Amino acid sequence: MADSMTAEPRPADVTTRPTGEPLIVLDHVEKHFGDLHVLRDVNLTIHRGEVVVVIGPSGSGKSTLCRTINRLETIDSGTISVDGKPLPAEGRELARLRADVGMVFQSFNLFAHRTVLENVTLGQIKAKGVKPAAAKATAMELLERVGVADQASKRPAQLSGGQQQRVAIARALAMKPKAMLFDEPTSALDPEMINEVLDVMVGLAQEGMTMVVVTHEMGFARRAAHRVVFMDAGQVVEDAEPETFFTAPRSDRAKDFLSKIL
Ligand code: ADP
Ligand code: MG
């Protein structure tokens with residue numbers, strides 16, 4: 001890659017690290033909500049170890065795209081596979097898919113009536129059959145890693161937004177996922193808390209986690225992404241390396257979008 005074009009320093013070990021086999025594959029995916037055509041012939045392959053940032057205007061289908069990958073939404077036609085297998089419709093297989101593909105939402109979605117520690121142990125115990133003591137050990141290790149171990153006995157509402165989002169990341173990681181989906185994970189945060197969440201995400205990227213990240217944080221894209229996927233009106237309009245996308249977007253739609261956010 002042309003380093004002379006790099007506007008900001010970024011950890012070379014993320015973006016220059018070779019990535020592996022296809023892990024998540026969307027093939028000719030179509031999705032409607034009633035008359036609204038929200039995903040239009042989406043073809044996308046996420047390789048093992050790859051960090052893909054998805055950007056695009058509000059309403060372009062980014063959240064729907066994420067939600068279809070762990071089957072929070074069904075699709076009308078086309079196929080999605082994770083690790084070589086088509087998405088399961090229900091039951092134990094679906095629970096395994098949701099463990100394998102962790103999701104972090106804009107609004108944290110923690111269990112409000114449970115402690116931070118319980119938020120990170122419950123899925124392990126219920127969906128994976130991990131013994132409570134082992135689940136707790138894993139949870140404490142992860143809470144330590146995201147910097148909120150000292151909050152373990154509190155309820156989510158007692159934490160800041162940035163802390164809650166880091167708990168949500170720990171909760172997803174506790175399921176030992178093969179990939180992580182982040183849907184605007186910092187959009188609901190006060191500005192001073194954005195970096196504490198992005199730093200955790202950059203750390204995950206450096207460790208080789210496969211990640212799909214919907215975000216308008218271009219600093220994250222430049223620091224950590226292998227590819228940027230630009231969506232508009234349900235279509236993947238561009239799919240390029242970050243430097244190429246930011247310095248030389250091909251489509252008028254991407255140029256217009258970038259002129260508004262950069
Ligand atoms: P983005 O995340 O890019 O803002 P979304 O995937 O949330 O876009 O939404 C794409 C389009 O689908 C929008 O027009 C939105 O209003 C619509 N939409 C999303 N979810 C639903 C739903 N459950 N029912 C009906 N329309 C929906
Ligand atoms: Mg969205």
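Residues numbered from 1 in each chain as written. Chains lettered and ligands numbered in written order. Predicted model: local features only at pLDDT ≥ 70, side-chain atom pairs only at ≥ 80, totals over all residues. Heavy atoms only, no water.

A. Representation of the overall build of the protein chain. Broken down by element type, the protein chain carries ten helices and ten strands. In terms of C-alpha radius of gyration, the protein chain reaches 18 Å, essentially the compact-globule figure of 18 Å for 262 residues. A total of 262 residues make up the protein chain; the buried ones form 52% of that total. Entry remark: accessible area of the protein chain is about 11900 Å², with carbon and sulfur atoms responsible for 50%. Here the protein chain holds 31 positive side-chain charges and 34 negative ones, and the gap between their average locations is 7 Å. (Helix = DSSP H or I, 4+ residues; strand = E, 2+ residues; numbered from the N terminus. Rg over C-alpha atoms; globule rule 2.2 N^0.38 Å. Buried < 20%, exposed > 50% of the residue type's maximum accessible area, 1.4 Å probe, protein only. Areas by Shrake-Rupley, 256 points an atom, 1.4 Å probe, with all protein chains shown as cover. Lys, Arg positive; Asp, Glu negative; His and termini not counted. Charge placed at Lys NZ, Arg CZ, Asp CG, Glu CD.)

B. View of the UniProt feature "domain: ABC transporter" (unreviewed entry) in the protein chain. According to UniProt, the positions carrying the feature "domain: ABC transporter" (unreviewed entry) are residues 24-258. The span residues 24-258 carries 40% helix and 26% strand; its end-to-end C-alpha distance comes to 27 Å. (UniProt positions renumbered as here; feature names shortened; annotations may be inferred.)

C. Focus on the site of ligand 1. With respect to spatial proximity, the complete set of residues near ligand 1 consists of F33, L36, V38, P57, S58, G59, S60, G61, K62, S63 and T64. With respect to ligand 1, the backbone of G61 contributes an N or O atom lying 3.0 Å from an oxygen atom. Here an oxygen atom of ligand 1 and a side-chain polar atom of S63 are 2.9 Å apart. Those elements giving two or more residues to the shell around ligand 1 turn out to be β2 (36-47) and α2 (62-69). If one sorts the elements of the shell around ligand 1 by residue count, α2 sits on top with three residues. Of the residues contributing to the shell around ligand 1, the split by class is four nonpolar, six polar and one charged. (Near = heavy atom within 4 Å. Polar contact = N/O pair within 3.5 Å; in protein donor to acceptor, adjacent residues only side chain to side chain. Nonpolar A, V, L, I, M, F, W, Y, C, P; charged D, E, K, R; others polar.)

D. Summary view of the sheet that holds strand β1 (residues 22-33). Taken together, the four strands give an open sheet; going across it, the order is β2-β1-β4-β5, and neighbouring strands pair in antiparallel fashion. A single partner strand is all that each edge strand has here, and the edge strands are β2 and β5 (85-86). Pairing between β1 and β2: eight bridges, direction antiparallel. What sits directly across from F33, in β2, is L36. (Pairing = 2+ DSSP bridges.)

E. Seen up close, the side chain of Q164. Take Q164: it is sitting in helix α6 (residues 161-173). Q164 gets classed as buried once you look at its relative accessible area, which sits at 14%. Within polar-contact distance, the side chain of Q164 engages the backbone oxygen of L159 at 3.2 Å. Aside from chain neighbours lying at most four places away, what touches Q164 is F108, L110, P156, A157 and L159. (Contact = heavy atoms within 4.5 Å.)

F. Region of the structure containing the packing of helix α4 (residues 116-128) against α6. At their nearest, the axes of α4 and α6 sit 8 Å apart, and the two run at 25° to each other. On the basis of the axis angle, α4 is roughly parallel to α6. Along this stretch, α4 crosses α6, giving a crossing that reads as right-handed. Contacts from V116, N119 and V120 of α4 reach α6 at V167, A170 and R171. Looking at the contact of α4 with α6 residue by residue, the class counts come to four nonpolar, one polar and one charged. (Axes fitted to C-alpha atoms, helices over the stretch in contact; angles between N-to-C directions. Parallel < 35°, antiparallel > 145°, perpendicular 65-115°, else oblique. Left-handed = near helix turned anticlockwise from the far one by under 90°.)

G. Looking closely at the packing of α4 against helix α5 (residues 132-145). Closest axis-to-axis distance for the α4/α5 pair is 9 Å, and the angle between their directions is 130°. By the angle between their directions, the pair α4 and α5 is classed as oblique. The element α4 and its partner α5 pack so that their crossing is right-handed. Packed against α4, whose contacting residues are V116, L117, V120, T121, Q124 and I125, the element α5 presents P132, A134, A135, K136, T138, A139, M140 and L143 at the interface. The class makeup of the residues in the contact of α4 with α5 is ten nonpolar, three polar and one charged.

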